[in-house]
Amino acid sequence: MATITFATKLKSDGSLKIPKEAVNRLGLHPGDEVQVNVETIPNLHTPEEKEQAKLQSQFDTFFAELDISTFESP
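In this text the structure is predicted, and so the values were computed from the model without any measurement.

**What about the overall build of the protein chain?**
Tallying secondary structure elements over the protein chain gives two helices and zero strands in all. Per-residue burial over the protein chain gives 5% buried out of 74 residues. Of the accessible surface of the protein chain, which amounts to about 7000 Å², a share of 55% is contributed by carbon and sulfur atoms.

Here is the structure:
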């Protein structure tokens, strides 16, 4: 099972948008079923807090991908 971590905002109608990059990386197509785990993030006020959250998300994605990667000896 492939996974990816991303942040998105809840729309006024209660829906969430999956970023195009995530759709492409996961190879999703209309009608595909997905499992969703929702976690709230703190309300970030300063540019430093926002940058830290962005970096943390990138690290989470990197390590999730590393877990599913295979390595071959040269």
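Having put the structure on the table, let's press on.
**Observations concerning the pattern of salt bridges**
If you walk through the whole model with that rule in mind, you get one salt bridge. For Arg25, the salt bridge goes to Glu21, with nearest N and O atoms at 3.2 Å. Of this pair, Arg25 and Glu21 both sit in helix 1 (residues 20-26), four residues apart, which is roughly one turn of the helix.

**A look at the environment of Ser15**
In this structure, Ser15 sits in the segment before helix 1. Looking at Ser15, the relative accessible area reads 26%, which means it is partly exposed. Setting aside residues no more than four positions away along its own chain, Ser15 makes contact with Lys9 and Leu10. Among the polar contacts made by the side chain of Ser15, one reaches the side chain of Asp13 at a distance of 2.6 Å.

**Points about a nonpolar patch on the surface**
A cluster of nonpolar side chains, contributed by Phe6, Leu10, Leu16, Ile18, Val34, Val36 and Val38, occupies part of the molecular surface with about 650 Å² of accessible area. Residue Val36 is classed as exposed on the basis of its relative accessible area of 55%.

Definitions and cut-offs
Going along each chain's sequence as written, the residues are numbered from 1 onward. For a predicted model such as this one, the threshold for reporting local features is a pLDDT of at least 70, and the threshold for listing and counting side-chain atom pairs is 80 or more; totals across whole chains, interfaces and linings nevertheless cover every residue. Based on all heavy atoms of the structure, the side-chain values leave hydrogens and waters out of the count. Under the scheme used here, helices are H or I runs from DSSP no shorter than 4 residues and strands are E runs no shorter than 2 residues, and both carry numbers assigned from the N terminus. Working definition: with a 1.4 Å probe on protein chains only, accessible area under 20% of the residue-type maximum means buried, over 50% means exposed, and in between means partly exposed. Using a 1.4 Å probe, the Shrake-Rupley method yields the accessible areas, and only the shown protein chains count as cover for residues. The salt bridge criterion pairs a side-chain nitrogen of Lys or Arg with a carboxyl oxygen of Asp or Glu, the two atoms within 4 Å. Residue contacts are defined here by distance: any two heavy atoms, one from each residue, within 4.5 Å place the two residues in contact. Any N or O atom pair separated by 3.5 Å or less is treated as a polar contact, with the protein-specific requirement of one donor-capable and one acceptor-capable atom, and with residues adjacent in sequence counted only for side-chain atom pairs. To count toward a patch, a residue needs a relative accessible area over 30% and no salt bridge; like charges are then connected within 9 Å, while nonpolar side chains (Val, Leu, Ile, Met, Phe, Trp, Tyr) are connected within 5 Å.

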